[in-house]
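Descriptive structure summary
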Amino acid sequence: MTSHRAPKPVAHPSRPVERAVTVGLVLAVLAGVGWIGGMIYTVAGWGL
């Protein structure tokens, strides 16, 4: 009689692809925050 259990996932514990995606997202968020900060600084400088 065969087992009907699902096979175990093949993913490795280190998961380098997920790590690269996470690093990319963090860098994108930091770039976005920096861009927004630069825009606020520019607009605030116009009033002076």
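This structure is a prediction, so every number in the text was calculated from the model and none was measured. (Residues numbered from 1 in each chain as written. Predicted model: local features only at pLDDT ≥ 70, side-chain atom pairs only at ≥ 80, totals over all residues. Heavy atoms only, no water.)

With that settled, consider the overall build of the protein chain. Along the backbone of the protein chain there are 1 helix and 0 strands. Here the protein chain holds 48 residues, and 0% of them are scored as buried. Put simply, the protein chain shows about 4,900 Å² of open surface, and 74% of that area lies on carbon and sulfur atoms. (Helix = DSSP H or I, 4+ residues; strand = E, 2+ residues; numbered from the N terminus. Buried < 20%, exposed > 50% of the residue type's maximum accessible area, 1.4 Å probe, protein only. Areas by Shrake-Rupley, 256 points an atom, 1.4 Å probe, with all protein chains shown as cover.)

Let us look at the UniProt feature "transmembrane region" (unreviewed entry) in the protein chain. The residues that UniProt annotates with the feature "transmembrane region" (unreviewed entry) are residues 21–44. For the annotated span residues 21–44, helix accounts for 100% and strand for 0% of the residues, and the straight-line distance between the end C-alpha atoms is 34 Å. (UniProt positions renumbered as here; feature names shortened; annotations may be inferred.)

Turning next to the environment of threonine 22. In this fold, threonine 22 is placed in helix α1 (residues 16–46). Engagement of the side chain of threonine 22 in a polar contact is seen with the backbone oxygen of glutamate 18, the distance being 2.8 Å. (Polar contact = N/O pair within 3.5 Å; in protein donor to acceptor, adjacent residues only side chain to side chain.)

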